Amino acid sequence: MVAITLVHGDITTMRVDAVVNAANNSLLGGGGVDGAIHRAGGPEVLAECRRLRETVLPDGLPTGEAVATTAGRLPAHHVIHTVGPVWDPRADRSELLASAYRQSLAVADELGAATVAFPAISAGAYGWPTADAARIAIRTVREVDPPCDVTFVLFSPEVFAAFQTALAEEG
Ligand code: AR6
């Protein structure tokens, strides 16, 4: 069974095998957790993202998929970039959000990464309602095989509280 831990804080400080970045399709950086990871990881992370764009991902990273790069100066060993869906009140895009978590853990498994830290994917700029984002995150990682240690690193008190509630309900 996947062990889930919740932490209130900044994912860039995590000493884990892999931290997951809530990126966008371009892979070339942005705000929120993406900006924080690129700032703390340094130019090596962006350089590797650019190489991916020039080689295997000329059209960018599709929503719901994941790809790894170096972690540069971060204390983690790898960054796994994924792209969550933008919240759409008129369409159910939950499966894409679940896929972002699932594909990130599949990449972690390929890397041999047994400890993985996630932010609350899509719960910031992409506008996903917090309680639902937390429920999908907890449910999805719980089911993953092979199991690993997952830490959700939640930046805001509101999102941290939503994950606590979801873990109590789903865990
Ligand atoms: N550590 C952990 N969580 C953080 C950190 C941090 N250092 N900084 C912010 N968060 P967002 P999204 C939280 O917007 O919704 C970017 O511009 C934040 O409070 O980072 O998937 C990308 O380039 C929120 O709870 O990601 C994309 O264009 C959560 O991380 C777009 O934003 C996710 O918020 C992706 O939007």
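Residues numbered from 1 in each chain as written. Predicted model: local features only at pLDDT ≥ 70, side-chain atom pairs only at ≥ 80, totals over all residues. Heavy atoms only, no water.

Chemist: What is the right way to read the overall build of the protein from this model?
Modeler: Summing up its helical and strand segments, the protein has 5 helices and 6 strands in all. Its helices and strands in sequence order give the protein the pattern β-β-α-α-β-β-α-β-α-β-α, from N to C terminus. Here the C-alpha atoms of the protein give a radius of gyration of 15 Å, agreeing with the 16 Å that 2.2 N^0.38 yields for 171 residues. Taken over the C-alpha atoms alone, the protein extends approximately 45 × 35 × 30 Å along its principal axes. Taken over 171 residues, the protein has a buried fraction of 46%. Summed over all atoms, the accessible surface of the protein reaches about 7,900 Å², with 52% contributed by carbon and sulfur. (Helix = DSSP H or I, 4+ residues; strand = E, 2+ residues; numbered from the N terminus. Rg over C-alpha atoms; globule rule 2.2 N^0.38 Å. Buried < 20%, exposed > 50% of the residue type's maximum accessible area, 1.4 Å probe, protein only. Areas by Shrake-Rupley, 256 points an atom, 1.4 Å probe, with all protein chains shown as cover.)

Chemist: What's the story with the side chain of Asn24 in this structure? I'm lost.
Modeler: Of note, Asn24 is situated in the loop between strand 2 (18-22) and helix 1 (32-41). Within the structure, Asn24 has its side chain in polar contact with the side chain of Ser26 (distance 2.7 Å). If near-sequence neighbours (up to four positions away) are discounted, Asn24 is found in contact with Gly29, Gly30, Asp34, Val83 and Tyr126. (Polar contact = N/O pair within 3.5 Å; in protein donor to acceptor, adjacent residues only side chain to side chain. Contact = heavy atoms within 4.5 Å.)

Chemist: What's the story with the nonpolar core in this structure? I'm lost.
Modeler: Nonpolar side chains tend to gather and get buried jointly when the protein is soluble and globular. Counting 37 residues, the largest nonpolar core has Phe118, Phe152 and Phe163 as its most contacted members. Sorting the residues of this core by element identifies strand 1 (3-8), strand 2, helix 3 (94-111), strand 5 (115-118), helix 4 (130-142), strand 6 (149-154) and helix 5 (157-170) as the ones contributing at least two each. Looking at which element gives the most residues to this core, the answer is helix 3, with 7 residues. The residues contacting Phe152, other than those within four sequence positions of it, are Ile4, Thr5, Leu6, Val7, Tyr101, Phe118, Pro119, Ala137, Ile138, Val141 and Phe163. Counting 11 residues, the second-largest nonpolar core is a separate cluster that includes Ile11, Met14, Ala76 and Ala117. (Core = buried A, V, L, I, M, F, W, Y, C linked by side-chain atoms within 4.5 Å.)

Chemist: Where do I start with helix 4 in this structure?
Modeler: Residues lying three or four places apart along an α-helix face the same way, a consequence of the helix completing one turn every 3.6 residues. Taking 1.5 Å of rise per residue, 13 residues should cover 18 Å, and helix 4 covers 18 Å from first to last C-alpha, within 8% of that figure. When we look at burial in helix 4, the residues that qualify are Thr130, Ala133, Ala134, Ile136, Ala137, Ile138, Thr140 and Val141. (Expected span 1.5 Å × (residues − 1).)

Chemist: I tried to follow the sheet that holds strand 3 (residues 66-70) on my own but got confused; where do I start?
Modeler: What holds strands together in a sheet is hydrogen bonding between their backbones, with the strands either parallel or antiparallel. If you trace the 6 strands from one edge of the open sheet to the other, you get 1-6-5-2-4-3, paired in mixed fashion. Two strands lie at the open edges of the sheet, namely strand 1 and strand 3, each paired on one side alone. Neighbour-to-neighbour, the strand axes of the sheet open up by a mean angle of 25°, direction not taken into account. Note that strand 1 and strand 6 share 6 bridges and pair parallel. Across the sheet, Ala3 pairs through a bridge with Asp149, a residue of strand 6. Sheet strands touched by helix 1: strand 2 and strand 4 (78-82). Its angle to strand 2, the strand with the most contacts, is close to 135°. Contacts from helix 5 reach strand 1 and strand 6, with the element oriented near 155° to strand 1. (Pairing = 2+ DSSP bridges. Axes fitted to C-alpha atoms, helices over the stretch in contact; angles between N-to-C directions.)

Chemist: What exactly am I supposed to notice about the side chain of Thr140 here?
Modeler: Examined against the element boundaries, Thr140 turns out to sit in helix 4. Taking relative accessible area as the criterion, Thr140 reaches 5% and is therefore assigned buried. Thr140 has contacts with Ala98, Tyr101 and Arg102, leaving out every residue within four places of it along the chain.

Chemist: In this structure, what is going on with the site of the ligand? I would like to understand it.
Modeler: What surrounds the ligand is a group of 23 residues, the closest being Asn24, Gly31, Val33, Asp34 and Ala125. One of the backbone N or O atoms of Ala125 is found 2.7 Å from an oxygen atom in the ligand. Here an oxygen atom of the ligand sits 3.0 Å away from a polar atom, N or O, in the main chain of Tyr126. A total of 700 Å² of accessible area belongs to the ligand in isolation, and the protein chains cover 88% of it. A molecule is said to occupy a pocket when more than half its atoms come within 2 Å of that pocket's grid points, and by this definition the ligand occupies the largest pocket. The residue inventory of the shell around the ligand, partitioned by class, reads 13 nonpolar, 8 polar and 2 charged. (Near = heavy atom within 4 Å. 1 Å grid on protein atoms, 1.4 Å probe; cavity = no way out; pocket = protein on both sides within 12 Å on 5 of 7 lines; lining within 4 Å. Sits in = over half its atoms within 2 Å of the grid points. Nonpolar A, V, L, I, M, F, W, Y, C, P; charged D, E, K, R; others polar.)

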